[in-house]
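Per-entry structural report
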2 protein chains.
Amino acid sequence: MQITTRFTIAVHIITAIDYFNGKEKVTSSFLAESVGVNPVIVREIMGDLKAAGIIAISQGKSGIELVKDTRDITFYDVYKAIGCVDGEGLFHFHERPNPMCPVGGHIHKALDGKLQIIQSEFEDSLKCITLYSVIADTRQAIADDSELLHLS
Amino acid sequence: MQITTRFTIAVHIITAIDYFNGKEKVTSSFLAESVGVNPVIVREIMGDLKAAGIIAISQGKSGIELVKDTRDITFYDVYKAIGCVDGEGLFHFHERPNPMCPVGGHIHKALDGKLQIIQSEFEDSLKCITLYSVIADTRQAIADDSELLHLS
DNA sequence: CTAAATGTAAATAATTTTATTACAAGTTTG
DNA sequence: CAAACTTGTAATAAAATTATTTACATTTAG
């Protein structure tokens, strides 16, 4: 497994921070409620987003703010912030190929570059989608729903 | 986590079948030795590859053969054969967003399409790399090594 | 000072993945 | 046919990863 739920949780968090800005007091507990996970998970992810310069928070201080324009936050920024890049990436190589076997001893060398190409292309895809678009679509979906309610 | 070691194991297996064709008696145990995993894992993956029409094996019969030209087997074929497609794909959505929250209730709708685009682009990347290229590079790496030995 | 938030660590639980054991069933060979 | 070997598969155990929970320190606002 390589892309944890932490990624979609992070996107959810950023969207909620933007959406509830000025409307509600946004705390880790509030966000945890919206996301449906434990507040500690939210705080850990918020810490990652803070370290990445995406949000601003500080101990004791209530209130979470977005630092960057959501047009300038891409899925890649979030993916990287969550720590998916430092690890092994998308692919998980089996760890004990037999070095005494010609294939086992050389497959890693033959595969790594190709897997890296795919990883890079994947990251390029992530760079094409902004949080702004997610937020816009979320607002639209909410508006559509609310309209339906008024009609009925 | 989404792409298991089964993917690289499958690539390893196909490469080994091709490489040892005619040289060694290739069995699940032999392959397990090269890959460094349990023979049962190899058999399960072989079963997937068989179902996908990539290799031919049958109970009792010793000898595994590639059915398709390795030029026509892409990473995507392997990825699909291993069962990565039927599942949830690359991304793992957090499962309990709060439906009572405007964001929690609509984020899924706003995100799904975008994640699907990335998934599709990822699969397109996989389609660009053939097993033939992996096998060629593996043979090359083996040859380079053997040459080094002779020089020393 | 008190209340409320974030920041973290540690222990537990849950989930997923891999390994192992065991045996059934089909082939081949002698 | 019998023996040896192989794939096919189920069931259980072990290992690794992820998520949850509890607890408490730290910081800020009122």
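Computed from a predicted model, the values in this text were never measured in an experiment.

Conventions used here
Residues numbered from 1 in each chain as written. Chains lettered and ligands numbered in written order. Predicted model: local features only at pLDDT ≥ 70, side-chain atom pairs only at ≥ 80, totals over all residues. Heavy atoms only, no water. Helix = DSSP H or I, 4+ residues; strand = E, 2+ residues; numbered from the N terminus. Rg over C-alpha atoms; globule rule 2.2 N^0.38 Å. Buried < 20%, exposed > 50% of the residue type's maximum accessible area, 1.4 Å probe, protein only. Areas by Shrake-Rupley, 256 points an atom, 1.4 Å probe, with all protein chains shown as cover. Lys, Arg positive; Asp, Glu negative; His and termini not counted. Charge placed at Lys NZ, Arg CZ, Asp CG, Glu CD. Contact = heavy atoms within 4.5 Å. Buried area = accessible area lost by both parts, 1.4 Å probe. Salt bridge = Lys/Arg side-chain N within 4 Å of Asp/Glu carboxyl O. Polar contact = N/O pair within 3.5 Å; in protein donor to acceptor, adjacent residues only side chain to side chain. Axes fitted to C-alpha atoms, helices over the stretch in contact; angles between N-to-C directions. Parallel < 35°, antiparallel > 145°, perpendicular 65-115°, else oblique. Nonpolar A, V, L, I, M, F, W, Y, C, P; charged D, E, K, R; others polar.

Here's the deal with the overall build of chain A
Across its full length, chain A carries 6 helices and 2 strands. Each helix and strand of chain A, ordered N terminal to C terminal, gives the series α-α-α-β-β-α-α-α. Here chain A has a C-alpha radius of gyration of 20 Å; the compact-globule value for 152 residues is 15 Å, and the former is much larger. When the backbone C-alpha atoms are referred to their principal axes, chain A occupies close to 70 × 40 × 25 Å. Taking all 152 residues of chain A together, the buried fraction comes to 45%. Total accessible area on chain A is roughly 7500 Å²; 51% of this is exposed by carbon and sulfur atoms. The positive charge centre, built from 14 side chains, and the negative charge centre, built from 20, are 6 Å apart in chain A.

Examining the interface of chain B and chain A
Interface size, as often reported, equals the accessible area lost upon joining of the parts. Residue-level contacts link 51 residues of chain B with 51 residues of chain A. Taking both partners together, chain B and chain A bury about 4600 Å²; carbon and sulfur atoms supply 71% of that area. Area buried by chain B at its contact with chain A is led by His94, Val103 and Lys114 of chain B, which between them contribute 13% of it. Linking chain B to chain A there are 2 salt bridges. In this structure, Asp137 of chain A and Lys114 of chain B form a salt bridge, with 2.7 Å as the shortest nitrogen-oxygen distance. For the pair chain B and chain A, the number of links is 18 residue pairs in polar contact (both at pLDDT 80 or more). The dominant element in the side of chain B that touches chain A, judged by the number of residues it contributes, is helix 5 (residues 102-127) of chain B, at 15 residues.

Describing the packing of helix 1 (residues 5-20) of chain A against helix 3 (residues 39-51) of chain A
Residues and elements named next belong to chain A. Viewed as axis vectors pointing N to C, helix 1 and helix 3 meet at an angle of 80°, and their least axial separation amounts to 10 Å. Considered as vectors, helix 1 and helix 3 are oriented roughly perpendicular to each other. Between helix 1, through Arg6, Ile9, Ala10, Ile13 and Ile14, and helix 3, the contact on the second element is made entirely by Ile41, Val42, Glu44, Ile45, Asp48 and Leu49. Class assignment for the residues of the contact of helix 1 with helix 3 results in 8 nonpolar, no polar and 3 charged.

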